[in-house]
Amino acid sequence: MTTIRQNRYTIVPCSRGARCEWTASPTNPDATLQELLALQLEDGGWSTSALLSDWKGLARPDDRPLQTKTSDGYGTGLIIVIARELGLPANDARLQRGVEWMHANQRESGKWFTPSPVKDCGNLISNVGSAFAVLALQACGELPAGPFGRETPATR
């Protein structure tokens, strides 16, 4: 389960069937959404490290600062999925800039790179970031709905 703590709230995705629902606290999801959207970088994406920068005790082992100005697949995909779940339309200019970032930054392997904010953990965070990127593209109508968007189960 991914938990993003940003300033005074926590966003927790939880599985309910085939759909993610997001819990934002305090109970003002609009303020939560606006704070997250305000973290969008000039290139149209979002940085995972910027979402984590106020965690107490979160530090790199080499004491270098977190890279909060570098967009990545995890941050960009996650924020777009959250925004869509909180009701922001897919044609919102900020989301479209994020979608453009994803189209421009997909690697030849098909993944979106996400550096670990604090230590090298292989490709784990890039794999999860790529999953969020795909979900974000799907949420914005850039990909077919797939099995989770069907009205009825597929026949066998």
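Every residue gets a number counted from 1 within its own chain, in the order that chain's sequence is written. Given that the model is predicted, a residue must reach a pLDDT of at least 70 before its local features are reported, and side-chain atom pairs must reach 80 or more before they are shown or counted; all residues, however, enter totals for whole chains, interfaces and linings. Only heavy atoms go into the side-chain values, all of them from the structure, while hydrogens and water stay out.

**What to know about the overall build of the protein chain**
Only runs of H or I of at least four residues qualify as helices and only runs of E of at least two qualify as strands under DSSP, and these elements are numbered from the N terminus. Counting its regular elements, the protein chain contains five helices and three strands. Written out in order from the N terminus, the α and β elements of the protein chain read β-β-β-α-α-α-α-α. When burial is assessed residue by residue, the protein chain has 38% of its 156 residues classed as buried. For this analysis, residues touch if any pair of their heavy atoms sits within 4.5 Å. Sequence-distant contacts in the protein chain: of pairs separated by 6 or more residues, those separated by 24 or more amount to 60%. Methods summary: accessible areas were calculated by the Shrake-Rupley approach with a probe of 1.4 Å, and residue burial reflects only the protein chains presented. Taken as a whole, the protein chain presents about 9,100 Å² of accessible surface, with 51% of it coming from carbon and sulfur. Burial classes: relative accessible area under 20% of the type maximum marks a residue as buried, over 50% as exposed, and values in between as partly exposed (1.4 Å probe, protein chains only).

**Some details on the confidence of the model for the protein chain**
As a general rule, the predicted coordinates of low-pLDDT regions are not to be interpreted in detail. The pLDDT value tells you how sure the predictor is about a given residue, anywhere from 0 up to 100. When pLDDT is averaged along the protein chain, the result is 76, and 65% of the positions lie at 70 or above. Within the model, the stretch residues 5-26 combines pLDDT values under 50 with 59 contacts to residues more than four positions away or in other chains. With pLDDT under 50 throughout, residues 150-156 is counted as low confidence; its partners more than four residues away or in other chains account for zero contacts.

**Brief notes about the packing of helix 4 (residues 93-105) against helix 5 (residues 124-139)**
In this description, a line fitted to the C-alpha atoms serves as the axis of each element, helices being fitted only across the stretch in contact, and the angle between N-to-C directions of two axes falls anywhere from 0 to 180 degrees. Where helix 4 meets helix 5, the axes come as close as 11 Å, and the angle between the chain directions of the two elements is 130 degrees. Judged by the angle between their axes, helix 4 and helix 5 are oblique. Regarding helix 4 and helix 5, the two cross each other, and that crossing is left-handed. Residues Val 99, Met 102 and His 103 of helix 4 touch helix 5, and the partners they reach there are Ala 133, Ala 136 and Leu 137. Of the residues in the contact of helix 4 with helix 5, the class split is five nonpolar, one polar and no charged. Should an angle fall under 35 degrees it is called roughly parallel, over 145 degrees roughly antiparallel, and 65 to 115 degrees roughly perpendicular, with every other angle called oblique. Here a crossing is taken to be left-handed if its near helix is turned anticlockwise relative to the far helix by less than a right angle, and right-handed if that turn runs clockwise. For this classification, Asp, Glu, Lys and Arg are treated as charged, while Ala, Val, Leu, Ile, Met, Phe, Trp, Tyr, Cys and Pro are nonpolar and the rest, including Gly, are polar.

**Regarding the pattern of salt bridges**
Any carboxyl oxygen of Asp or Glu within 4 Å of a side-chain nitrogen of Lys or Arg constitutes a salt bridge here. Overall, the coordinates contain one salt bridge when judged by the stated rule. The salt bridge involving Asp 92 is made with Arg 94; its shortest N-O contact spans 2.9 Å.

**Thoughts on the nonpolar core**
Formed by 25 residues in total, the largest nonpolar core has its most connected members in Leu 37, Ile 79, Ile 80 and Met 102. Secondary-structure elements contributing two or more residues to this core are helix 1 (29-37), helix 3 (73-85), helix 4 and helix 5. When residues in this core are grouped by element, the largest group, seven residues, is from helix 3. Residues contacting Leu 37, with those up to four places away along its chain left out, are Trp 46, Ile 79, Leu 88, Arg 94 and Leu 95. Among buried residues, those of type Ala, Val, Leu, Ile, Met, Phe, Trp, Tyr and Cys that are joined through side-chain atoms within 4.5 Å constitute a nonpolar core.

**Points about the packing of aromatic side chains**
What counts as a ring pair is set by centres within 6.5 Å for rings of Phe, Tyr and Trp (its six-membered ring), and what kind of pair is set by the plane angle: stacked under 30 degrees, edge-to-face over 60, tilted for all other angles. Counted according to the given criterion, the structure contains one aromatic pair. Judged by centre distance (5.3 Å) and plane angle (70 degrees), the ring pair of Tyr 74 and Phe 132 falls under edge-to-face. With Tyr 74 in helix 3 and Phe 132 in helix 5, this residue pair connects regions lying 58 residues apart in the sequence. Residues Tyr 74 and Phe 132 agree in their burial class; the two are buried.

**Considering helix 4**
In this analysis, the expected span of each helix is defined as 1.5 Å times one less than the number of residues it contains. Between the first and last C-alpha of helix 4 there are 18 Å, a value that for 13 residues agrees with the 18 Å anticipated at 1.5 Å per step. Three or more residues of helix 4 are buried, namely Leu 95, Gly 98, Val 99, Trp 101 and Met 102. End-on view of helix 4: buried residues confined to an arc of 155 degrees, all on one side of the axis. Away from its buried face by more than 90 degrees, helix 4 exposes Ala 93, Glu 100 and Ala 104. In this structure, the buried residues of helix 4 make contact with helix 1, helix 3 and helix 5. The arc refers to the directions leading from the helix axis to the C-beta atoms.

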